[in-house]
Amino acid sequence: MMPDLGKYADAVLSAYAVSIVLLVAIVGFSLWRGRRVRAAMRDVENRTKNNG
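Worth saying up front: this structure is predicted, and the values here are computed from it rather than measured.

Draft legend 1. View of the overall build of the protein chain. Within the protein chain one finds one helix and zero strands. Relative to its length of 52 residues, the protein chain is extended, with a C-alpha radius of gyration of 22 Å against a globular reference of 10 Å. When its C-alpha atoms are laid out on the principal axes, the protein chain stretches across 70 × 20 × 5 Å. Here the protein chain holds 52 residues, and 0% of them are scored as buried. Of the accessible surface of the protein chain, which amounts to about 5,000 Å², a share of 65% is contributed by carbon and sulfur atoms.

Draft legend 2. Fine view of the environment of D4. Within the secondary structure, D4 is located in the segment before helix 1 (9-51). Side-chain polar atoms of D4 contact the backbone nitrogen of G6, separated by 3.4 Å.

Draft legend 3. Seen up close, the packing of aromatic side chains. All told, the structure shown has one aromatic pair when counted by the stated rule. Considering the side-chain rings of F29 and W32, the 5.7 Å spacing of their centres and the 45 degrees angle between planes classify their relative orientation as tilted. Pair noted here: F29 and W32 are both in helix 1, with a separation of three residues, about one helical turn. Taking relative accessible area as the criterion, F29 reaches 49% and is therefore assigned partly exposed. Assessed through its relative accessible area of 44%, W32 is described here as partly exposed.

Draft legend 4. Molecular detail of the environment of R38. Examined against the element boundaries, R38 turns out to sit in helix 1. Note on R38: relative accessible area 48%, which makes it partly exposed.

Draft legend 5. Geometry of a nonpolar patch on the surface. The grouping of M2, Y8, V12, L13 and Y16 at the surface amounts to a nonpolar patch, some 550 Å² of accessible area in total. Among the secondary structure elements, Y16 is positioned in helix 1.

Rules and cut-offs
Residues numbered from 1 in each chain as written. Predicted model: local features only at pLDDT ≥ 70, side-chain atom pairs only at ≥ 80, totals over all residues. Heavy atoms only, no water. Helix = DSSP H or I, 4+ residues; strand = E, 2+ residues; numbered from the N terminus. Rg over C-alpha atoms; globule rule 2.2 N^0.38 Å. Buried < 20%, exposed > 50% of the residue type's maximum accessible area, 1.4 Å probe, protein only. Areas by Shrake-Rupley, 256 points an atom, 1.4 Å probe, with all protein chains shown as cover. Polar contact = N/O pair within 3.5 Å; in protein donor to acceptor, adjacent residues only side chain to side chain. Phe/Tyr/Trp six-rings, centres within 6.5 Å; stacked < 30°, edge-to-face > 60°. Patch = residues over 30% accessible without salt bridge, like charges linked within 9 Å, V, L, I, M, F, W, Y side chains within 5 Å. Salt bridge = Lys/Arg side-chain N within 4 Å of Asp/Glu carboxyl O.

Structural data, given as structure tokens:
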């Protein structure tokens, strides 16, 4: 199933690996940041409701 990449196999496969790692990192960071922002928004909403 994998095509013969010849002498470029290392470069191509490492580029794929780096790309996959970076994509996973970006998704993980986005999820982490989203949780932090959502918690901060909840805090602001709770303070607003309590203050009137």
